[in-house]
Amino acid sequence: MTKTPVIGIGLDAADPTLLEPWMDQGLLPNLARLRKEGTYGRLANTVPYVSGEAEFSSTEPSWVVFSTGCYPNKTGFWDTIEYSPESYSVVCDEVESGYDYKNFSPFYALGDDYRVAAFDIPVSALCDQVKGAQILGWGGHFPFVQSHSQPQELFSDIVEKHGRNPVLHNDNGRWWDPTYVNWIQTALQESIEKRVDVCKDLLQRDSWDLFLTTFGDTHSAGHDLYDQSQPDHPLHTYRRGKTDPLLAVYKKVDWAIGEILAAAPEDATVFCYSVHGIGANLTDLLSMFFLGEVMYRFNFPGKVGLAPGKLGTTPPPPIKRPIRRSWPDEVWRKINEPNPIKRLINTWTPKKWLSETQDGLASPRLLQSTQPHLGWMPGMAFSPLWPDMKAFALPAFADGHIRINLQGREGDGKVTPDEYDALCEDITAMLYELTDGRTGQPLVKKVLRTRQDPLDDNPTLPDADLVVVWHELPTDVVDSPTLGRIGPVTFNRPGGHRSRGFFVAKGAAIPAGETLQNGHVVDLAPTFLSSLGAPIPEHFDGKSLFASSRSKAITTVV
């Protein structure tokens, strides 16, 4: 039986709230045409915890959900950051800390019956059961995979013909640096053009049953350029007559989709999708810094570590001209110092003098010399004190993560198992009191427990005991009635993740002009396999978006 080829094009962190109005305005004609001629819908991204389900926006585990068709509670891959309870140490390698796929293979590992090309799937791994071509780590936003290929010589061949990706491991969101902002826009345009050339090259090499690629450029642009595009960002300024740099990247990717599909078989079934979206960044500050300071003050009543503020007063405007021009150094200059003269000295002291530990807190210079991958994260300043705390904030890229310093589990545990539940309840109550210091709105949407038995050592469980899901309120000032005010603090990357994704499909077997309701990221893998006519593994947690059981979830657009 002749197979209908399937083309899958991922747009990493492309947000439907951006795509939809731009498609309606005719600014993204190729995506708009796919939507008109096929089926379109948003995708939810949620995960199950012991105490309930919650929205999920962490990039790396979301891509593993895409590739394996399984939730993190089955794969055990919740994060790229690995915590050691014996030593209170954390590890996060931007290449080696991805998922290994030993227990669950990628859905496209289909064996000899299918010819597959997989180009730049984030957080993937080479697999012998993929018959065709695999190229990983050529580009993307920190894809957490080695730059290599199968066959082995294919990667060097692609680089020799088309060049290296200029953005790989180089996009860091330095919104305060105009040279960087100009560079990233040019580099993303170059990256997209090179990807199109590589895709055309690969499409000409074989008749693929399944062709997959991912544009990481929408991810990088969302992190780095969101403030210059969208008025909901606190740093946004009116830009009359100026080009929207975020839209420019989306338009270039839309052009690229047209180029790739023009080179693909005419009868191919086409999927475009994202596993999460982007919005004004809230988690960089809330999860990477504020939660660490919150837990410091919770553990040491009356003490303030970083960014002291005064409750009940109007905060000064957001910081738009950082003095240090480095986010960790900028937060560190906010170390609590009652003496105004010393506080002024701290503000202007040269960076090379900021290598000391103060009041038990580690400076960013010290951390970056000992923690090359996580030392830049301001919340790591509190890590020397973790053994002395009842609970502390682990470094995190999306939701907030809190670890209980438990006896019998941690190397220097302070909390007995009998005290565990009460402490979790106290922390949860304290977290729900946190508000935005500028608007007074509550910041915490949910606090979830991850284990029923505090001493449960099941390797599929997250490192965190409590997961903090934030309301979508980007803020630089946090207020607590018991802990006081924290901030204002300099913003980091302008854009941050949202749990929403999107899905658009076109093909002979795809309903035209219809809207998909209730789709989920975990449904993508079985949808691909169903379209290929391949069997769907029993261990999958999702179902095909076009299965008969989903028929009620599709509505005709009038």
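All of these numbers come straight from a predicted model, not from anything done at the bench. (Residues numbered from 1 in each chain as written. Predicted model: local features only at pLDDT ≥ 70, side-chain atom pairs only at ≥ 80, totals over all residues. Heavy atoms only, no water.)

Across the sheet, 4 strands lie side by side as 14-15-18-17; this open sheet has antiparallel pairing. Each end of this open sheet is capped by a strand with a single partner; those strands are strand 14 (391–394) and strand 17 (444–449). For this sheet, the mean angle separating the axes of adjacent strands, direction not counted, is 25°. Taken together, the 3 bridges between strand 15 (residues 400–404) and strand 18 (residues 466–470) define a ladder with antiparallel strand orientation. The residue of strand 18 that forms the bridge with Gly400 is Val468. Across the sheet, helix 9 (residues 283–299) is in contact with strand 14, strand 15 and strand 18; its angle to strand 14 comes to roughly 165°. Across the sheet, helix 13 (residues 417–432) is in contact with strand 14, strand 15, strand 17 and strand 18; its angle to strand 17 comes to roughly 170°. (Pairing = 2+ DSSP bridges. Helix = DSSP H or I, 4+ residues; strand = E, 2+ residues; numbered from the N terminus. Axes fitted to C-alpha atoms, helices over the stretch in contact; angles between N-to-C directions. Contact = heavy atoms within 4.5 Å.)

A few words now on the packing of helix 1 (residues 16–24) against helix 8 (residues 245–263). It is the contact of helix 1 with helix 8, at a shortest axis distance of 12 Å, that shows an interaxial angle of 75°. When the axes of helix 1 and helix 8 are compared, the pair comes out roughly perpendicular. Taken together, the residues of helix 8 that come into contact with helix 1 (itself represented by Leu18, Leu19 and Trp22) are Leu246, Leu247 and Tyr250. In the contact of helix 1 with helix 8, the residues fall into 6 nonpolar, no polar and no charged. (Parallel < 35°, antiparallel > 145°, perpendicular 65-115°, else oblique. Nonpolar A, V, L, I, M, F, W, Y, C, P; charged D, E, K, R; others polar.)

The tally for this structure, following the rule as stated, stands at 28 salt bridges. Arg365 is paired through a salt bridge with Asp329; the nearest N and O atoms lie 2.1 Å apart. Taken as a pair, Arg365 in helix 12 (residues 364–370) and Asp329 in helix 10 (residues 327–332) lie far apart in primary sequence, 36 residues in all. For Asp329, a relative accessible area of 0% translates into the label buried. Several salt bridges converge on common partners, so that one network encompasses Arg403, Arg409, Glu410, Arg451 and Asp465. (Salt bridge = Lys/Arg side-chain N within 4 Å of Asp/Glu carboxyl O. Buried < 20%, exposed > 50% of the residue type's maximum accessible area, 1.4 Å probe, protein only.)

Attention now goes to the pairing of strand 4 (residues 52–55). Pairing of strand 3 (residues 46–49) with strand 4, which is carried by 4 bridges, proceeds in the antiparallel orientation. Note that in strand 4 the partner of Val47 across the bridge is Ala54. Counted between consecutive antiparallel strands, the loop separating strand 3 from strand 4 contains 2 residues.

A cis amide bond links Gln150 to the next residue, Pro151, at an omega of 5°. Along the chain, Pro151 falls in the loop between strand 9 (148–150) and helix 5 (152–162). Going from Gly487 to Pro488, the amide bond is cis rather than trans, its omega being 10°. Inspection of the secondary structure assignment puts Pro488 in the loop between strand 20 (484–486) and strand 21 (495–498). The backbone phi angle of His169 is positive, close to 60°, even though this residue is not glycine. Here His169 shows up in the loop between helix 5 and helix 6 (178–205). For His169, a relative accessible area of 23% translates into the label partly exposed. Positive phi, normally seen in glycine, also occurs at Arg325, with a value near 55°.

This part covers the packing of aromatic side chains. Enumeration over the complete set of coordinates arrives at 27 aromatic pairs. Plain terms: the ring middles of Tyr88 and Phe392 are 6.2 Å apart, the flat faces sit at 55° to each other, and that makes the pair tilted. Remark: Phe392 occurs in strand 14 and Tyr88 occurs in the loop between strand 5 (82–84) and strand 6 (89–91); sequence separation between them is 304 residues. The interplanar angle of 40° and the centroid separation of 5.7 Å between the aromatic rings of Tyr180 and Trp183 together place this pair among those described as tilted. Here Tyr180 pairs with Trp183, and both are found in helix 6, just 3 residues apart, close to one helical turn. Taken together, the aromatic side chains of Trp63, Phe66, Phe107, Tyr108, Phe271, Tyr273, Phe503, Phe528 and Phe546 make up a single cluster linked through ring pairs. (Phe/Tyr/Trp six-rings, centres within 6.5 Å; stacked < 30°, edge-to-face > 60°.)

Here we take up helix 8. With 19 residues, helix 8 ought to run about 27 Å at 1.5 Å a step, and its terminal C-alpha atoms sit 28 Å apart, in line with that. Residues Pro245, Leu246, Leu247, Val249, Tyr250, Lys252, Val253, Asp254, Ala256, Ile257, Gly258 and Ile260 constitute the buried set of helix 8. (Expected span 1.5 Å × (residues − 1).)

The description of two packed helices rests on the angle between their axes and on the distance between the axes. As a packed pair, helix 5 and helix 6 sit with axes 10 Å apart at the nearest point and diverge in direction by 125°. Considering the angle they form, helix 5 stands oblique to helix 6. Helix 6 is crossed by helix 5, and the crossing has right-handed handedness. When helix 5 is examined against helix 6, the residues Leu154, Asp157, Ile158, Lys161 and His162 are found in contact with a partner set consisting of Lys194, Asp197, Val198, Asp201, Leu202 and Arg205. (Left-handed = near helix turned anticlockwise from the far one by under 90°.)

What follows covers the side chain of Thr490. With respect to the helices and strands, Thr490 occurs in the loop between strand 20 and strand 21. Among the polar contacts listed, one links the side chain of Thr490 to the side chain of Glu330, at a separation of 3.0 Å. Excluding residues that lie within four positions of it along the chain, Thr490 makes contacts with Trp175, Leu285, Ile319, Pro322, Trp327 and Glu330. (Polar contact = N/O pair within 3.5 Å; in protein donor to acceptor, adjacent residues only side chain to side chain.)

A few words on the domain arrangement of the protein chain. Taken as a whole, the protein chain is organised into domain 1 (6–280 + 497–532) and domain 2 (282–492). Centre-to-centre separation of domain 1 and domain 2, based on C-alpha positions: 31 Å. The interface is formed by 39 residues belonging to domain 1 together with 48 residues belonging to domain 2. Here domain 1 meets domain 2 over a buried area of about 3,500 Å², counting both sides, of which 59% is carbon and sulfur. Of all residues in domain 1, Tyr83, Tyr88 and Trp176 give up the largest surface area on contact with domain 2, accounting jointly for 22% of the area buried on that side. Here Glu55 ties to Lys445 by a salt bridge, and the two come within 2.9 Å at their closest N and O atoms. (Domains from an automatic or database assignment. Buried area = accessible area lost by both parts, 1.4 Å probe.)

Among the secondary structure elements, Met23 is positioned in helix 1. As for Met23 and Leu168, which are separated by 145 residues in sequence, their C-alpha atoms are 28 Å apart. Each residue touching Met23, except ones within four places of it in the same chain, is listed here: Leu28, Leu31, Ala32, Arg35 and Tyr40.

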